[in-house]
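Close look at the chain arrangement
Given next are the chains, with one letter for each unit.
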Amino acid sequence: TQFYTCAIDKATPGSQEIIGGLQDNGTLFTRWADNKKGWTNPNYSDGFYCNIEDGGRFYYVAQNASKQPMHQIFRVTLDEDGQRLIKTRIDPIGGLDFMWVNPYKLDPNNQKRMYLAGGQIVWRNNNLDAIPVVETTDSISTEWDSIPQSRIQFGRISALSVSKTPQNIVYYGTNYGEVYKIENANSKEPKVTNITSNSFPRSGFVGCVSVDPKDGNKVFAVFHNFNVKSVFYSTDAGKNWRHVTGNLEEEPGGLGAGPACYWIEVLPIGDK
């Protein structure tokens, strides 16, 4: 098994639920710490990004597709044994050219809202609860709109993250190495700013954008490739960036036998 991603229920103290999307092996789920218990399969095909709604009422899974938008997203419900009950397709009608491993995120302040990297534009679902809990296999229009100001000219959106504090800020990156910030992302008049740094590598794409959950001005951008500067950090919402990969790279300029970097997660412990 090769996990692309995994997710947990961040709102339920003591929850043992884990869900993850895997290369060739669908989506796997468990809610037991006992490793003798088997994992269940809420979805099949190649599995990718997953999300668990706070409290574990709904689970969001994704898979590859051979037709546009080349990616499908489903909301599933599970029984007490982790077996799938209902699988509802929820990706938007009109979506095009999604990435192979395509990010989407629930708003940490409003679990009814989802932001989706949709090829060259960011999509937004304003009320996931409005989608009927029924078995479906077709894309939908319910509560979906796109953010026109977020459209990029080149490449595709490859990374996306939503700020917790302050609210309604979305960062996204592209496979052309650019990073953008959306302010008032929940509104009808969001503001999009290109916060790409001249110091970003020219030959790496943004595979991860991570935001400090206690301070949305603190953000990391991670570039996927070998022999490039991999990790950049900003403390002022992308106005200024500095290279912080440190000893993960053999040489300061990113060259050498250091690893490719793929993910950053910010874990607050106390006030640090």
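Look above for the structure.
In short, a report on the structure.

What counts and what doesn't
- Residues numbered from 1 in each chain as written.
- Predicted model: local features only at pLDDT ≥ 70, side-chain atom pairs only at ≥ 80, totals over all residues.
- Heavy atoms only, no water.
- Helix = DSSP H or I, 4+ residues; strand = E, 2+ residues; numbered from the N terminus.
- Rg over C-alpha atoms; globule rule 2.2 N^0.38 Å.
- Buried < 20%, exposed > 50% of the residue type's maximum accessible area, 1.4 Å probe, protein only.
- Contact = heavy atoms within 4.5 Å.
- Areas by Shrake-Rupley, 256 points an atom, 1.4 Å probe, with all protein chains shown as cover.
- Lys, Arg positive; Asp, Glu negative; His and termini not counted.
- Charge placed at Lys NZ, Arg CZ, Asp CG, Glu CD.
- Phe/Tyr/Trp six-rings, centres within 6.5 Å; stacked < 30°, edge-to-face > 60°.
- Lys NZ or Arg CZ within 6 Å of the ring centre and 35° of its normal.
- Pairing = 2+ DSSP bridges.
- Axes fitted to C-alpha atoms, helices over the stretch in contact; angles between N-to-C directions.
- Salt bridge = Lys/Arg side-chain N within 4 Å of Asp/Glu carboxyl O.

What to know about the overall build of the protein chain
Each helix and strand in the protein chain was counted, giving 0 helices and 20 strands. Relative to the compact-globule value of 19 Å for 272 residues, the protein chain shows a C-alpha radius of gyration of 18 Å, a close match. Overall, the protein chain is about 50 × 45 × 40 Å in size when its C-alpha atoms are taken along their principal axes. Expressed as a percentage of its 272 residues, the buried residues of the protein chain come to 50%. For the protein chain, long-range pairs separated by at least 24 residues make up 46% of all intrachain contacts whose partners lie at least 6 apart in sequence. Accessible surface computed for the protein chain: about 13,300 Å², of which carbon and sulfur atoms make up 49%. Side chains of the protein chain give 27 positive and 29 negative charges; the mean places of these two sets differ by 4 Å.

Quick notes on the packing of aromatic side chains
Under the defined criterion, the tally for this structure stands at 13 aromatic pairs. Of the aromatic side chains, those joined through ring pairs into one cluster are Phe200, Phe223, Phe232 and Trp241. Above the face of the Trp32 ring, Lys37 is positioned so that its terminal group lies 5.0 Å from the ring centre. Sitting over the face of the ring of Phe58, Arg75 holds its NZ or CZ atom 4.4 Å from the ring centroid.

Some remarks on the sheet that holds strand S14 (residues 169-174)
Note on sheets: strands pair through backbone hydrogen bonds, and any given pair is parallel or antiparallel. With antiparallel pairing, the 4 strands of this open sheet are ordered in space as S13-S14-S15-S16. The sheet terminates laterally at strand S13 (157-162) and strand S16 (191-194), the two strands that pair on one side only. Strand-to-strand twist across the sheet, computed as the mean angle between neighbouring axes with direction ignored, equals 20 degrees. Across 4 bridges, strand S15 (residues 179-183) lies against S16 in antiparallel orientation. Among the inter-strand pairings, Ile182 is bridged to a residue of S16, identified as Val192.

Some points on the pattern of salt bridges
Taken as a whole and assessed by the stated rule, the structure comprises 8 salt bridges. Of the charged contacts in the structure, one is a salt bridge between Lys10 and Glu265, with a shortest N-O distance of 4.0 Å. Here the residue Lys10 occupies a position in the loop between strand S1 (3-8) and strand S2 (18-22), and Glu265 occupies one in the segment after strand S20 (242-243), the gap between them amounting to 255 residues. Classification of Lys10 as exposed rests on a relative accessible area of 67%.

Considerations on the sheet that holds strand S18 (residues 215-224)
Strand order in this open sheet of 4 strands is S17-S18-S19-S20, and the pairing throughout is antiparallel. Both edges of this open sheet fall to strand S17 (205-212) and S20, since each of them pairs with a single strand only. For strand S19 (residues 231-234) and S20, the ladder comprises 2 bridges, and the chain directions are antiparallel. The residue of S20 that forms the bridge with Tyr233 is Arg242.

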